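Tertiary structure, described
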Amino acid sequence: MGCRGHCTFEGGFCGWTNDEDDDFDWFLGRGSHNPSTGPSTDRTSFMHGGMEGGYAYIDSSYPRRPGDFARLSSMEFEATGPDSPLCLRFWTHMYGNGIGALSILLSDTAEAKEWEVWSLSGEAGNAWYQAELPISSPNPFMIIISGKVGKNNLGDIALDDLSFTQGSCPTAPQIAAPISGDCTFEVDECGWANVGVRDRVDDIDWDRVSGQATRTSTYDHTLGSEKGFLMALARNNVQRPGSRAWFASLEMKQTTMPRCMSFWFVLNEPFIDNTGPSLGSLTVYTKNAKSVMTPIWRLYNHQGPEWRYAQAMIPETTEHMQIVFEGTWGSSRANGFIGFDDITFFGGACSTMPSGAYVRVGQCRFERDTCDWYNDTTQEKSSVSWRMATVSRRPANLPDKTFGAPEGYIYFDLFNQNVGSNLVRLISPMITAMEEQTLCFTFWFAVFGAGESAELRVIRQENSSSDNGEAPPQEKVWVLDAKLMDTSRPTWFPAQVAVDSQTDFRLLLEGQATNGGFAVDDLMFSPGSCSTRPGNAAVKSQELQ
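Residues numbered from 1 in each chain as written. Predicted model: local features only at pLDDT ≥ 70, side-chain atom pairs only at ≥ 80, totals over all residues. Heavy atoms only, no water.

Some thoughts on the pairing of strand E25 (residues 438–449)
Pairing of E25 with strand E28 (residues 493–500), which is carried by eight bridges, proceeds in the antiparallel orientation. For threonine 438, the partnering residue across the bridge sits in E28 and is aspartate 500. Inspection of the sheet shows E25 paired to strand E30 (residues 515–527) by ten bridges, in the antiparallel sense. Its bridge partner being in E30, cysteine 440 is matched across the sheet by serine 526. (Pairing = 2+ DSSP bridges. Helix = DSSP H or I, 4+ residues; strand = E, 2+ residues; numbered from the N terminus.)

This is how it looks when you write it as structure tokens:
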């Protein structure tokens, strides 16, 4: 992008032009002659003393009237692309009790539309302040700076040192943002808040802390210093693995356009013991008016000690909604750190970043529920079904695979089922056809009990129904017989199988036993094919009737 659009207004407008169809023009200045309005020096001189530079300003004195506006337009910029927003930074001086408003508009030149992306009104004192905002456009665009005259002639508005850099940035000052939500956490939580105790949805809080107070080597992201602030997942003495905290935005209005939320995060577990990573998770949800939570971004366990950039797409919605950050501790909270900083919202559909945080339908780690997987209705009347492990009821004290917690997975155990069915079936939500022709389905399993007769199967079921009401075709894709396993002490084993994703389908987890069972955890999908694991679970393709 080079230095296009950059301007210090020392000797001109650097390619920015005054519009023809406004009421008056922006001028270049080197210092106001009226002590009651406007800056006495440009921003650099103000910071360093002396009189060396220029700035752009609107002169609100006669013959200007309240409501008159002046527009300064940039040259045309190329489309930014949904994953490459720009940050526009500038300095502004709004001193005088008649100050009107300063607005930044984004003009889509392909669709001849413009909208406000930053706006500030009223007096801010006799000083230069830095402003910044994210710029994102799917089409070529121009930036328009609009200065509006306020209630009297003490209303000179000045700007200086315009620059563009790659990457998003939270809108500053916060009140200039078109929608609330951007936050650096330097001053306060910007309207974001921990969920109240009465709601009983979480058991710990997010804390706004300084880098100095984190008790780790992590500084905040905004300033990169121990004086800067960030949000960190709190620890307390009574929590257990799975303790979680919710942090919710103010209500956001409905929108006909998708939006992108970017933020920075740390998920760091400096010491990983021999049981493997068990830090916890960070999840972002949308929450609609009916309190339905939909995960849009999620990462588990250790990601490294550095701040990393994140993006999540917020789909268009016909109703008000909130964004919720959920932090969950695993079992190694004593040495771990989970935090986030610098939330920014900008327009446009964007990719999930990092790509591993993408939430696919059907993925589940069973921390809270079965994520829309459900037991086959024929099992409702029977005592036999897949169930969530609990502290008091779980097989052979097997810990959860995700965090090493005492619960957080599913299992079935069938012992001496002389009566009724000895088959259990858990059905996935509908998985829609993908551009990728194949998905790799991965999960972990453990087997327990005598096991001779225990079997676990993965079945792919087409989403189709024939006219004569026959059940849709089913295909076994993975079958494991517990006879081949050591069942004396249950341990977790990895499993994977390639699943055809060219058409809509469901997966069925089917279990059978007379004296034992299986536990399953961490169901995940990733694009592309994979070999079947363990090898002895491979099956020849066959249709089930």
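A few points about the pattern of salt bridges
When the charged atoms of two side chains lie near each other, side chains of opposite charge can form a pair. Scanning the model with the defined rule gives 17 salt bridges in all. The partner of arginine 368 in a salt bridge is glutamate 326, with the nearest N and O atoms 2.1 Å apart. Of the two residues, arginine 368 is situated in the loop between strand E20 (337–347) and strand E21 (374–375) and glutamate 326 in strand E19 (residues 321–329); the sequence distance between them amounts to 42 residues. Here arginine 457 makes a salt bridge to glutamate 455, at a shortest N to O gap of 2.3 Å. (Salt bridge = Lys/Arg side-chain N within 4 Å of Asp/Glu carboxyl O.)

Thoughts on unusual backbone geometry
That bond from alanine 172 to proline 173 is cis: its omega, -10°, falls within 30 degrees of zero. Here proline 173 lies in the loop between strand E10 (157–166) and strand E11 (193–194). The amide bond that connects methionine 353 to the next residue, proline 354, takes the cis arrangement and shows omega of -15°. Here proline 354 shows up in the loop between E20 and E21. With a phi close to 55°, aspartate 342 is a non-glycine residue in the positive phi region. Looking at the element boundaries, aspartate 342 is found in strand E20. A positive phi angle, close to 55°, is found at aspartate 522, a residue other than glycine. On the secondary structure map, aspartate 522 appears in strand E30.

Considering the state of the cysteines
By definition, a disulfide is the covalent link that joins the sulfur atoms of two cysteine residues. By the definition in use, this model includes six disulfides. Covalently, cysteine 260 is tied to cysteine 350 through a disulfide, its sulfur atoms 2.1 Å apart. When the S-S torsion is 85°, as for the bridge of cysteine 260 with cysteine 350, the disulfide is right-handed. Of this pair, cysteine 260 sits in strand E15 (residues 259–268) while cysteine 350 is found in the loop between E20 and E21, placing the two residues 90 residues apart along the sequence. Residue classification places cysteine 260 among the buried residues on the basis of a relative accessible area of 0%. Note on cysteine 350: relative accessible area 8%, which makes it buried. What connects to what in the protein chain, once the bonded cysteines are numbered by sequence position, is 1-2, 3-4, 5-6, 7-8, 9-10, 11-12. (Disulfide = S-S within 2.5 Å. Buried < 20%, exposed > 50% of the residue type's maximum accessible area, 1.4 Å probe, protein only.)

Notes on the environment of arginine 393
Structurally, arginine 393 is set in the loop between strand E22 (387–388) and strand E23 (410–415). For the pair arginine 393 and proline 406, spaced 13 residues apart in the sequence, the C-alpha separation amounts to 9.8 Å. Those residues in contact with arginine 393 that lie beyond four places of it in its chain are Arg387 and Tyr411. (Contact = heavy atoms within 4.5 Å.)

Structural notes on the sheet that holds strand E2 (residues 27–29)
Spatially, the five strands line up as an open sheet ordered E2-E3-E10-E5-E8, and their pairing is antiparallel. The open sheet has two free edges, formed respectively by E2 and strand E8 (129–135), since each of these has just one partner strand. Strand-to-strand twist of the sheet, defined as the mean angle between neighbouring strand axes without regard to direction, takes the value 40°. Bridge analysis of strand E5 (residues 86–94) against E10 gives eight bridges, and the strand direction is antiparallel. Directly across from cysteine 87, in E10, lies its bridge partner threonine 165. (Axes fitted to C-alpha atoms, helices over the stretch in contact; angles between N-to-C directions.)

Overview of the sheet that holds strand E17 (residues 293–300)
The sheet built from five strands is open, its strands ordered E11-E14-E19-E16-E17 with antiparallel pairing. Only two strands of the sheet have a single neighbouring strand rather than two, namely E11 and E17. With nine bridges connecting them, strand E16 (residues 280–288) and E19 associate as antiparallel partners. The residue of E19 that forms the bridge with asparagine 288 is methionine 321.

What to know about the nonpolar core
Of all hydrophobic cores here, the largest spans 36 residues; its most connected members are Phe441, Phe443 and Trp478. When residues of this core are traced back to their parent elements, those giving at least two are E23, strand E24 (423–427), E25, strand E26 (455–462), strand E27 (474–481), E28, strand E29 (505–512) and E30. Sort the elements by how many residues they give to this core and E25 lands first, with five residues. Setting aside residues no more than four positions away along its own chain, phenylalanine 443 makes contact with Leu456, Val458, Trp478, Phe493, Pro494, Ala495, Val520, Asp521, Asp522 and Leu523. Counting residues in hydrophobic clusters, the runner-up holds 35 residues, among them Phe13, Trp26, Phe90 and Ala131. (Core = buried A, V, L, I, M, F, W, Y, C linked by side-chain atoms within 4.5 Å.)

Some details on the side chain of aspartate 156
Here aspartate 156 lies in the loop between strand E9 (141–148) and E10. There is no salt bridge for the buried aspartate 156, and the closest opposite charge comes from arginine 64, which lies 10 Å off by N-O distance. Polar contacts involving the side chain of aspartate 156 include one to the side chain of serine 60, which spans 3.0 Å. (Lys, Arg positive; Asp, Glu negative; His and termini not counted. Polar contact = N/O pair within 3.5 Å; in protein donor to acceptor, adjacent residues only side chain to side chain.)

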